[in-house]
Amino acid sequence: MELSWPFVGRRAELRSIEAAMSADAGHGVLLAGPAGVGKTRLAREAVVLAGQRGATTRWVVGTASSRGLALGAFAGLLGGLRGDPTRLVTEAVRAFLSGASNGRVVLGVDDAHLLDDMSALLVHQLVVQGAAVVVATVRTGEAAPDLVTRLWADSHFERFEVEPLGRQQTGSLLEAVLGGPVERTTARRVSDFARGNLLYLRHFVAGEVEARRLQPVRGVWRWSGEGLMSPGLTELVTTRMGKLTESEGLVLDVLALAEPLDVRLLTGLVEPSAIERAEEADLIRVEKVGRRLEARLAHPLFGEVRRARMGTLRARRLRGWVSRALADAGYDQADDILRRAVLAVDSDLAPDWRLLVEAGRRAGQLCDLSLAVRLGRAAEAAGGGFEASMIVMGVFNGLSRPSGADFAMLAASARTAAELVRATMARAIDLAWMAPRPAEAEALLDAVESQVSGDGIRQQLMALRALFDGQLARPNRAIEAAVSALASPLLPDEAVLLATTGYAIGLATIGRADDLAIPVTVGAAAAGRAAQYAFLRFPLITAQLIGLRLAGYLGQAAEVAHGCWESVQGLELPTAIASVLMGDVLLAQGRPASALRWLREAYAGFEPFDRVGGFEHVCLIPLIRALALTGDLTAAVEAAEKLRAREHPMMQCLRPDMLLSHAWLAAAQGVSSKAIALAREAASVAAATGQSAHEVLALHAATCLGDRSAVERLTALAHQVDGPRVRAAATHAIALAAGDGDALQAASDTLERMGDLLAAADAAAQATVAYRRAQRRGAAFRAEARVRRLIQDCEGVGTPAARAVVHPLPLTEREREIGILAAQGLSNREIAHRLVVSVRTVENHLYRINTKLGIGGRAELADVLGGHHGAGDLADPQGPAASLG
């Protein structure tokens, strides 16, 4: 794949440079920055832009090889000038300008710190004499010729520090280069890898694309994160590191395998003077962290190069060396133990199954599932027995992958009833989710429950039943089971997390969102201590968010989703889950284009993990609606077919949401009767399973689609379900059934305050229709203006009902022009002056505007034209989205 690197992310700097170049003669620009930061590209863009605007342009480069030659940098422009040194520069200026037109001359000087003295004098004279505007680059930290430095010191040059590209700029550049959306996590990781060095970035991206480690997955570019250094990039980084002594190389190798390290620990492993030299050479950085100094490599690519060139035996010896040093120094906190184990597992040390088991549990607590399974497998091989196997089982449960474990052998190795219950619960989760055969899983729980005694043991099984009941759309049973399990003061953290997750699902779906805070808080605390099922914090958070969304607490839902996203950076599967939550909330708030971006990233992120459809199921439900709303019906239909094919039996609690997504797809396809029927079906399914909060949302969706039959049920649910949504939905349904435009406008206002902008637009659209039927033209235009504004607030996306009522105003171009100025508060005289017409003409136009629109003054005119000003055609801003892949 041939990659083109456009100029992206430096437009603001280019404008500043251009402004500086436009100053009086005798002026120039100096761009300073570290190697590879993009100084040369920025300078070239400035020179090219000047050429496009009529200037004569020249470009020279300072090099180490030409530094020993008089005017060496200018040899290509001036030829071999010879003669008296005192007259040589004068001749050079004349020769330099001889081919120029009468206009401005702009000279680009790349790597001016490498100019020979005579070339530096020529640049100095060109600037001081006002013969040319100079754009020069210098590398930070390199000594430049005195005459170049004086140009800046004497204010002939305006100096710009060229900073490395930030994460956002790097992400924009990657998307421009790759020609498609780049996953946020990939953009962040690649940005951190390159640290804003464009030279490194270009080599890295080219190598990873060629190796297909950076490639599109389900329409989104993703990096596997397992990059190998290309020869070109390796050479660049090796050159930057320079020639290292053996002791300096040891410093870099130790940090490459184990950074960051406490400086005191590092000085016990390597020569202290070598550490100092490495810091002075900017190969490592020493920073104060708390009360101690930590050393780390100055650039992540230094570590990549050193690890790539390190022999296997040397790497194993050094890892063991550092792991042992950490243990000897008393590093015994949970994260220290994890670090020691990670180093030890690939070292020359004898395996310590106790260390590996403890570290595997900690990795599980942190939801680093890939690391947990690696440590668990190592612990099994080292003789860790039952506990090691349970770590592995827990990880595979979290990844929704069949573990392939011999459950009979695992159960046989259980030494106590408590261990037997733990093995059974892991097997039941495996059966329910990975087989997936939930009926067999519940039968297994029944069988084991009859074999064990003691309420504490039985309540652990009850905790898992609570989770199953919640997921299988038995919310009241889930709540009962959770309350029963949580009554035990001895319930282990893993079981507390199982119970509270089921509890939260039940509360969320029956409509008791106001009661969610306590079980969520208890469950989150247990997740921080649990090892085997810590990953259930994500279903717990998902249940909380669903409850808040269904209840209409959309601001709180957004805070929960964002907090989850911030907490999972660096963890691949949790990041995909958090992306679904972000997309789900944005969709509920009426921002479908933004939601679609998050949901596509989540869908791509699940690809390496999903084997039985559970993750896909959760993601596809909102993705279908986002695709339908943004106009990509082909991809929406494809997503709907995939959801039908991979509907997971353990996701019954989300079946009403699934039916609603199909309803919105039908609406986007123009089949409104089918859309209403599907929404009503969703409501019936929810009612049959006692999921009243889902029923409210489904009935309100039907109302938004034009169904007038939901009044009685929504009115009844308003006395049973928590949150503002049910009251807003009931009010909306009553107003629609009555055909009351004013009440529909009020409902729209209520829904907008709640944060559901798409529903607010639907209510306003229905108000527009009601006003038109009542021949209240002014009110209809005002309602239509509200619809237009809400569509704009929804990122230019509207539901079919909202778009159907939006028509161009019956005004001529001149009437529209005068109306907008009047709505902005200009007097008739001011409008006449601006448009060069008479005041009488303005008055006549305003009279015709008021007559056509059925309004009585400027205040109403502002209401009507506010939604039209600058709106133009309301086409989808995103265009057709890429296919699902």
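Read on for an overview of the structure. (Residues numbered from 1 in each chain as written. Predicted model: local features only at pLDDT ≥ 70, side-chain atom pairs only at ≥ 80, totals over all residues. Heavy atoms only, no water.)

### A closer look at the overall build of the protein chain
In step 1: A count of helical and extended segments in the protein chain gives 45 helices and 10 strands.
In step 2: Across its three principal directions, the C-alpha atoms of the protein chain cover 105 × 95 × 45 Å.
In step 3: Per-residue burial for the protein chain yields a buried fraction of 55% across its 885 residues.
In step 4: For the protein chain, the accessible surface area stands at approximately 36800 Å², while carbon and sulfur atoms represent 51% of it.
In step 5: For the protein chain, the centre of its 96 positive side-chain charges and the centre of its 98 negative side-chain charges are spaced 3 Å apart. (Helix = DSSP H or I, 4+ residues; strand = E, 2+ residues; numbered from the N terminus. Buried < 20%, exposed > 50% of the residue type's maximum accessible area, 1.4 Å probe, protein only. Areas by Shrake-Rupley, 256 points an atom, 1.4 Å probe, with all protein chains shown as cover. Lys, Arg positive; Asp, Glu negative; His and termini not counted. Charge placed at Lys NZ, Arg CZ, Asp CG, Glu CD.)

### Some points on the layout of surface pockets
In step 1: Roughly 690 Å³ of internal volume is contained in the second largest pocket.
In step 2: In terms of lining, the second largest pocket is formed by 22 residues, of which the most central are Pro 34, Ala 35, Asn 197, Tyr 200 and Arg 240.
In step 3: Elements that contribute at least two residues to the lining of the second largest pocket include exactly α9 (198-210) and α10 (231-241).
In step 4: The leading source of residues in the lining of the second largest pocket is α10, at three residues.
In step 5: Here the lining of the second largest pocket is composed, by residue class, of nine nonpolar, seven polar and six charged. (1 Å grid on protein atoms, 1.4 Å probe; cavity = no way out; pocket = protein on both sides within 12 Å on 5 of 7 lines; lining within 4 Å. Points joined across faces, edges and corners; volume = space filled by probe spheres on them. Nonpolar A, V, L, I, M, F, W, Y, C, P; charged D, E, K, R; others polar.)

### Notes on the pattern of salt bridges
In step 1: Applying the stated criterion across every chain yields a total of 59 salt bridges.
In step 2: Arg 213 is the partner of Glu 208 in a salt bridge, and the nearest nitrogen-oxygen pair spans 2.9 Å. Here Glu 208 matches Arg 213 in class, with each residue buried.
In step 3: The partner of Glu 815 in a salt bridge is Lys 852, and the shortest N-O contact between them spans 2.8 Å. Placement of the pair is Glu 815 in helix α42 (residues 813-823) and Lys 852 in helix α44 (residues 839-853), with a sequence separation of 37 residues.
In step 4: Look at Glu 815 and you get buried, because its relative accessible area is 3%. (Salt bridge = Lys/Arg side-chain N within 4 Å of Asp/Glu carboxyl O.)

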